[in-house]
Amino acid sequence: MKNYRIETRCVQSGYQPKDGEPRILPIIQSTTFKYDSAETMGKLFDLETDGPFYTRLGNPTLSAVESKIAELEGGAAALLTSSGQAAVFFSIINICRAGDHIISSASIYGGTFNLFSKTLRDMGISCSFVDPNASAEEISDVFRPETRLLFAETLSNPTLVVLDIEKFATIAHEHHVPLIIDNTFPTPVNCRPIEFGADIVVHSTTKYMDGHATSLGGAIVDSGKFDWTSGSYPELTEPDPSYHGIVYTQQFGQQAYIVKARTHLLRDLGATASPFNAFLLNLGLETLSLRMERHCRNAEAVAAYLASDDRISWVNYPSLPDSPYADRVRRYLPSGSCGVISFGVKGGRATATHFMESLKLAAIVIHVADARTSVLHPASTTHRQLSDDALSAAGITPDMIRLSVGIEHVDDILNDVKQALDACSKG
Ligand SMILES: *Cc1c(COP(=O)(O)O)cnc(C)c1O
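Residues numbered from 1 in each chain as written. Predicted model: local features only at pLDDT ≥ 70, side-chain atom pairs only at ≥ 80, totals over all residues. Heavy atoms only, no water.

K.L.:
So what exactly am I meant to see when it comes to helix H3 (residues 60-73) here?
P.N.:
In an α-helix, one turn spans 3.6 residues, which is why side chains three or four residues apart end up on the same side. The first and last C-alpha atoms of H3 sit 20 Å apart over 14 residues, in line with the 20 Å expected at 1.5 Å per residue. With eleven of 14 residues buried, H3 lies mostly within the body of the structure. Considered for burial, the residues of H3 that qualify are Thr61, Leu62, Ala64, Val65, Glu66, Lys68, Ile69, Ala70, Glu71, Leu72 and Glu73. Sitting at the head of H3, Asn59 places a side-chain oxygen 2.8 Å from the backbone nitrogen of Thr61. Looking one or two places after H3, you find Gly74, whose phi comes out positive at around 75 degrees. (Helix = DSSP H or I, 4+ residues; strand = E, 2+ residues; numbered from the N terminus. Expected span 1.5 Å × (residues − 1). Buried < 20%, exposed > 50% of the residue type's maximum accessible area, 1.4 Å probe, protein only. Polar contact = N/O pair within 3.5 Å; in protein donor to acceptor, adjacent residues only side chain to side chain.)

K.L.:
Help me understand the site of the ligand in this model?
P.N.:
As a matter of local geometry, the ligand sits amid 14 residues, with Asn157, Asp182, Ser204, Thr206 and Lys207 nearest to it. In this structure, a nitrogen atom belonging to the ligand sits 2.7 Å away from a side-chain N or O atom of Asp182. The residue makeup of the shell around the ligand, split by class, is three nonpolar, eight polar and three charged. (Near = heavy atom within 4 Å. Nonpolar A, V, L, I, M, F, W, Y, C, P; charged D, E, K, R; others polar.)

K.L.:
I'm lost on the pattern of salt bridges in this one. Help?
P.N.:
Charged atoms that come close allow side chains of opposite charge to pair. Scanning the model with the defined rule gives 15 salt bridges in all. The shortest N-O distance in the salt bridge between Glu39 and Lys43 comes to 3.4 Å. Placement of the pair is Glu39 and Lys43 together in helix H2 (residues 38-45), with a separation of four residues, close to one helical turn. Its relative accessible area of 56% is what places Glu39 among the exposed residues. Between Asp268 and Arg267 there is a salt bridge whose closest N-O contact spans 2.5 Å. Taken together, the salt bridges that share partners define one network made up of Asp309, Arg311 and Asp422. (Salt bridge = Lys/Arg side-chain N within 4 Å of Asp/Glu carboxyl O.)

K.L.:
Help me understand the sheet that holds strand E9 (residues 340-345), please; the structure alone is not making it clear to me.
P.N.:
In a beta sheet, neighbouring strands pair by backbone hydrogen bonds and run either parallel or antiparallel. Read across the sheet, five strands follow the order E8-E9-E12-E11-E10 without closing on themselves; strand pairing throughout is mixed. A single partner strand is all that each edge strand has here, and the edge strands are strand E8 (312-316) and strand E10 (363-364). Judged from the three bridges that link them, strand E11 (residues 374-376) and strand E12 (residues 400-404) form a sheet pairing that is antiparallel. What sits directly across from Val375, in E12, is Leu403. Across the sheet, helix H13 (residues 288-308) lies against E8, E9 and E12, angled at about 15 degrees from E9, the strand it touches most. (Pairing = 2+ DSSP bridges. Contact = heavy atoms within 4.5 Å. Axes fitted to C-alpha atoms, helices over the stretch in contact; angles between N-to-C directions.)

K.L.:
Whenever I open this one, helix H7 (residues 165-174) confuses me. Can you help?
P.N.:
If you check which residues of H7 are buried, you get Ile165, Lys167, Phe168, Ala169, Ile171 and Ala172. Structurally, H7 contributes buried residues whose contacts are with helix H6 (136-140), strand E4 (147-153), strand E5 (179-182) and helix H14 (326-332). Backbone geometry just downstream of H7 places His176 in the positive-phi region, at approximately 60 degrees.

K.L.:
Would you mind showing me how to read the packing of helix H4 (residues 84-93) against helix H11 (residues 256-269) here?
P.N.:
Between two packed helices, what matters for the description is the angle formed by their axes and the separation of those axes. Their axes nearest at 10 Å, the elements H4 and H11 cross at an angle of 115 degrees. As the angle between them shows, H4 and H11 are arranged roughly perpendicular. Crossing handedness for the pair H4 and H11: right-handed. On H11, the residues that touch Phe89, Phe90, Ser91 and Ile93 of H4 are Tyr257, Lys260, Leu265, Leu266 and Leu269. (Parallel < 35°, antiparallel > 145°, perpendicular 65-115°, else oblique. Left-handed = near helix turned anticlockwise from the far one by under 90°.)

K.L.:
What should I look at first to understand the packing of aromatic side chains in this one?
P.N.:
Given two aromatic rings, one states the distance between the centres and the angle between the planes to describe the pair. Throughout the structure, instances matching the rule amount to twelve aromatic pairs. Geometrically, the ring pair formed by Phe185 and Tyr208 is edge-to-face, given 6.5 Å between the ring centres and 65 degrees between the ring planes. On the criterion of sequence distance, the pair formed by Phe185 in the loop between E5 and helix H8 (187-190) and Tyr208 in the loop between strand E6 (200-204) and strand E7 (218-222) is long-range, its members being 23 residues apart. Owing to a relative accessible area of 2%, Phe185 belongs among the buried residues under this scheme. (Phe/Tyr/Trp six-rings, centres within 6.5 Å; stacked < 30°, edge-to-face > 60°.)

K.L.:
Before we go on, may I ask you to explain the sheet that holds strand E2 (residues 101-105) in this structure?
P.N.:
With mixed pairing, seven strands are arranged side by side in an open sheet as E1-E7-E6-E5-E4-E2-E3. At either end of the open sheet lies a strand with only one pairing partner, and these are strand E1 (77-81) and strand E3 (126-130). Neighbour-to-neighbour, the strand axes of this sheet turn through a mean angle of 20 degrees, independent of strand direction. In the sheet, E5 pairs with E6 via three bridges, with the strands oriented parallel.

K.L.:
Explanation requested: unusual backbone geometry in the structure shown.
P.N.:
Most peptide bonds take the trans form, and the phi angle of most residues other than glycine is negative. A cis amide bond links Asn157 with the next residue in sequence, Pro158, at an omega value of 5 degrees. Within the secondary structure, Pro158 is located in the loop between E4 and H7. Notably, Thr187 is not glycine yet its phi reads approximately 60 degrees, a positive angle. Among the secondary structure elements, Thr187 is positioned in helix H8. The phi dihedral of Ala369 is positive, around 65 degrees, even though this residue is not glycine. Looking at the secondary structure, you find Ala369 in the loop between E10 and E11. Look at Ala369 and you get buried, because its relative accessible area is 0%.

Rendered as structure tokens:
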């Protein structure tokens, strides 16, 4: 399927039934798999042959969706996890241990920020945060001998900073570390970071990929291009005693990173996706390209309207013609960015709350990036753990509203926004 266009891969990749098999990806709702001989089972355990034996490590429904996502991102292999948080955590812990250091863009999802600044730190992995728009020199200065990776989001949630992926890839590679990109907001339909030099791509599939707010999920995709043999990644290049001395880079080549994540992290930590959730995710992926197109066209119209209304103090939407990121959008997101817009309502926190509560079609939910239009106030919800300094470093102001524009008719969304602004003006 690799030679087909992204729209076709969304629909067809991953599952190709043979003669007489179900047309639709079956839900293999079984924790375990039967084999006739103890010898075959032993070989599976030793990673000498490939095949499912226990769903914590792999399952045919999950594998089909993993192949589809790997093909969508143009990667060598992928792993599904039970949530986006688990995907981000696994992508790091797969190649870092206590004493190591990572560098991350400061403009990232609140949950990822907490993971990096608290939980990883408590585990002995320290993180330095950098302004994604800092110069290459400034970012390079933060590297240490024990730095193992560079992390950033293509389109940051919720601040919508468009990353200069090539700049980040160059910096990472100059320091012989991989670039890990969270590509949740654009999805592979709008951006494929591997084409711009990213080594690993992670997703919260909970957002647009599932698209209907039914299932938490995450994915890790490896480009298969990073050279792990510098000596800094012994977990991939030295014999693994828990699998009879296997060396992942020798045995699995381009699949090394994903095989190791599966055989260690899923084995030891769980966080496996369920076959039923993977089935729903696959249904979502089938319409992903159609939905992303509608999300983007609707959001472009809503952002243009907000920018023209003088009750709005500022609008942040990277696809607006006067966005500071217009050049990067042309380069990295030529078909559109995403459906999420952030903006400030004049009158600050109180008016922002009044506006949100006056919306009728758009619901107040924590979730973003599904088919239904929804709205959120980050400073009092997703980012409420952050201090004022950390909030402003993450680019979040008290009046910021995050509107996740859905795929309804654009006129209905626009009318809802207008009537809510009218309600605020009336006091
Ligand atoms: C939501 C989100 C996550 C976390 O994903 P969950 O599926 O909620 O665990 C990580 N990164 C980004 C950019 C997100 O939007």
